[in-house]
Amino acid sequence: MAHAIAFYTLAAFILGFAILVVTTKDTVHSVLFLVLDFLFVAALYVMLNAPFLAVIQVLVYAGGIVVLYLFVVMLVNLKRPPEAHSDPHRMTKFGFGLAGAVLIELGAIVVSGYMKAPAVTSPAQNLPVSGNTEQVGWLLYTNYLIPFEIASMLLLVAMIGAIVLAKREL
Amino acid sequence: MIDTFIIPTLKILIVLNATLVGVSYMTLLERKVIAWAQSRLGPMRVGPQGVLQPIADAVKLILKEDITPSKADKWVFTAAPVISMVPALIVYAVIPFGPVVRLFGRDVSLYITDVNVGLLYIVSVASVGVYGIILAGYASNSKFPLLASLRASAQLISYEVAVTLTLVSVILMSGSLSMVSIVNAQYNAHVWFGFVQPVAFVIFVIGSLAETNRAPFDLPEAEQELTGGFHTEYSGMRFALFFLAEYANMIVVSSVATTLFFGGWLRPFPNVAALHFLDVIPSWTWFLIKSFVFLYLFIWIRATLPRYRYDQLMRLGWKVLIPVAILNLVVTGIVKVMLL
């Protein structure tokens, strides 16, 4: 019961801040709501007994990436009201269609989750190591090695791309 | 009831109050030590040898007028000092001041909590603390604070990388992220990690000077260039909160340095039975003594070294500290694999 109350409170905060992120006029405030949103998501991870993921969520997203967002937003001064830049190439219908598709997909996942019997065994349960951090590390370097390496390649490509874009005549 | 609620609450109260008193007396210590370094006396008027000066300062700052600039972003301007203060305080939750001791017939641990990801928790909370400085500079809507906050965020992000890399080499040595386990690992290894990881230790100290905006890396509050830095537009208690946060962060990095590199609450030579008489001194006293040495070192460095130029700061961070930290990490890994 207490677990359910905690979950729904956290979920309400997460959704509330997410709505504020997209509706706030002032861009810096919007970024700050995004930070709060990430902190509440981290709390959700703590509730799911995944402290490592929670800490990484705060470290990487709330503390790292959003600081860079804030930099950009602060320096480009987006104080104009949103009406002023209505883009003629804006694909409103396509956007709504895409959002609807994602919504249907999520709904299907939730419904199918209710239909099936809940899977009791998580992959972490029969590992040779204990402790959340050790288990995450173990799984990343055994079962999920290839996706993990592909993700790191992606980051490397993005990094090289950024350097090439910034320094054209290197 | 007593074990799950009352004792943790008491511990939190004691740690928070002790921190705030410690922080206010750090200001006095800093003024005194710098005064001695410059052949002055420092504060002498309030109380004998000026020992009541922090209280007088606190009263003065509370009574001062609290000004918000008319063009400031009010909400963010109010939130910024709080955002820099809170992370500095909640870090103390995982710092181990001592082991589990018997107190009034009960086993009481001398730390608030020991989470499995303690060290990462400290790093992540510290990374959120950056917002206080950035937002203070932005919300003031004034050019010097904005310049200072840009400097501060660039500096903090760059040095955080080097510091985190040194922490990884300590984690390799201890095999755990929990602060208590790291101290126990030093007991079991019969050596403080500061002696097996001297490179990591030096980089950690340099990086933590930069992360707490202390001289010689105090560019975000370089008075001569920025009329005060990111807190130029702040006055009264909000201004004081930034300083309290800075000193609280200094105590945090000293405690972390003590825990990671100098054996935390362990007495010198904890495995030598002949020095058993040293156990008369309680473990938390050793912790406080070691942390005090670091705090004194910080003040001493401030009194000694001139400030870096901004490009020198960035060059030191990216071209020296980070490569050396990575090299140290690789060597540590290789040695660790060879010896096991």
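Residues numbered from 1 in each chain as written. Chains lettered and ligands numbered in written order. Predicted model: local features only at pLDDT ≥ 70, side-chain atom pairs only at ≥ 80, totals over all residues.

Glancing now at the overall build of chain B. On a plain count of helices and strands, chain B comes out with 12 helices and 2 strands. Written out in order from the N terminus, the α and β elements of chain B read α-α-α-β-β-α-α-α-α-α-α-α-α-α. Expected size for 340 residues packed as a compact globule is a radius of gyration near 20 Å; at 21 Å, chain B falls within 12% of this value. For chain B, the spread of C-alpha atoms along the principal axes amounts to about 60 × 50 × 45 Å. Expressed as a percentage of contacts within chain B between residues at least 6 apart in sequence, the contacts between residues at least 24 apart total 76%. (Helix = DSSP H or I, 4+ residues; strand = E, 2+ residues; numbered from the N terminus. Rg over C-alpha atoms; globule rule 2.2 N^0.38 Å. Contact = placed C-beta atoms within 7 Å.)

Below, the discussion takes up the overall build of chain A. Within chain A, the secondary structure is distributed over 6 helices and 0 strands. Along chain A, helices (α) and strands (β) appear in the sequence α-α-α-α-α-α when read from the amino end. Burial status across chain A gives 12% buried among its 170 residues. (Buried ≥ 20, exposed ≤ 12 C-beta atoms within 10 Å, placed from the backbone.)

What follows covers the confidence of the model for chain B. Scored by pLDDT, chain B has a mean of 83; 99% of the residues are at 70 or more. As scored by the predictor, the complex reaches a pTM of 0.83 and an ipTM of 0.80. (pLDDT = per-residue confidence, 0-100.)

Reports often express the size of an interface as the amount of accessible area lost when the parts come together. Contacts between chain B and chain A engage 17 residues on the former and 17 residues on the latter. Those elements giving two or more residues to the side of chain B that touches chain A turn out to be helix 4 (118–139) and helix 5 (143–174) of chain B. For the side of chain B that touches chain A, the class distribution of residues is 13 nonpolar, 4 polar and no charged. (Nonpolar A, V, L, I, M, F, W, Y, C, P; charged D, E, K, R; others polar.)

Our next topic: the confidence of the model for chain A. When pLDDT is averaged along chain A, the result is 82; 86% of the residues meet or exceed 70. For chain A, the element scoring lowest by mean pLDDT is helix 5 (residues 132–141) of chain A, at 83; helix 6 (residues 145–166) of chain A scores highest, at 91.

With that settled, consider helix 2 (residues 27–47) of chain A. Taking 1.5 Å of rise per residue, 21 residues should cover 30 Å, and helix 2 of chain A covers 31 Å from first to last C-alpha, within 8% of that figure. Among all positions in helix 2 of chain A, only Val28(A), Val31(A), Leu32(A), Leu34(A), Val35(A), Asp37(A), Phe38(A), Val41(A) and Ala42(A) are buried. Along its buried surface, helix 2 of chain A packs onto helix 1 (2–23) and helix 3 (51–76) of chain A together with helix 3 (74–90) and helix 4 of chain B. Of the residues one or two after helix 2 of chain A, Asn49(A) is the one with positive phi, at around 60°. (Expected span 1.5 Å × (residues − 1).)

With that out of the way, let us pick up the pairing of strand 1 (residues 100–103) of chain B. Residue and element names in this part refer to chain B. Where strand 1 and strand 2 (residues 106–109) come together, 4 bridges link them in antiparallel fashion. Opposite arginine 102, over in strand 2, you have aspartate 107 as the bridge partner. Between the end of strand 1 and the start of strand 2, which pair antiparallel, lie 2 residues, with phenylalanine 104 showing a positive phi angle near 50°. (Pairing = 2+ DSSP bridges.)

Our next topic: the nonpolar core. Within the largest apolar cluster, 109 residues are counted, with the highest numbers of intra-cluster contacts made by Ile122(B), Leu135(B) and Ala257(B). Each residue touching Ile122(B), except ones within four places of it in the same chain, is listed here: Val91(B), Val94(B) and Val256(B). (Core = buried A, V, L, I, M, F, W, Y, C linked by C-beta atoms within 7 Å.)

What follows deals with the packing of helix 4 of chain B against helix 5 of chain B. Residue and element names in this part refer to chain B. Where helix 4 meets helix 5, the closest approach of the two axes is 8 Å, and the angle between their N-to-C directions is 175°. By the angle between their axes, helix 4 is roughly antiparallel relative to helix 5. Counted together, Leu119, Val123, Ser127, Val130, Ile133, Ile134, Ala136, Gly137 and Tyr138 of helix 4 and Pro145, Leu146, Ala148, Ser149, Ala152, Ser153, Leu156, Glu160, Thr164, Leu167 and Ile171 of helix 5 form the full contact between these two elements. The residue inventory of the contact of helix 4 with helix 5, partitioned by class, reads 14 nonpolar, 5 polar and 1 charged. (Axes fitted to C-alpha atoms, helices over the stretch in contact; angles between N-to-C directions. Parallel < 35°, antiparallel > 145°, perpendicular 65-115°, else oblique.)

Here we take up unusual backbone geometry. All names here are of chain B. The phi torsion at serine 39 lies on the positive side, around 55°, for a residue other than glycine. You can call serine 39 exposed: it has 6 C-beta atoms within 10 Å. Here histidine 190, not a glycine, exhibits a phi torsion of approximately 60°, which is positive. Among the structural elements, histidine 190 can be located in the loop between helix 6 (179–188) and helix 7 (193–196).

This part takes up the environment of Ala80(B). Residue and element names in this part refer to chain B. On the secondary structure map, alanine 80 appears in helix 3. The spatial distance from the C-alpha of alanine 80 to the C-alpha of glycine 22 is 23 Å, given a sequence separation of 58 residues. Contacts of alanine 80, omitting those with residues within four sequence positions, involve Gly132, Leu135, Ala136 and Ala139.

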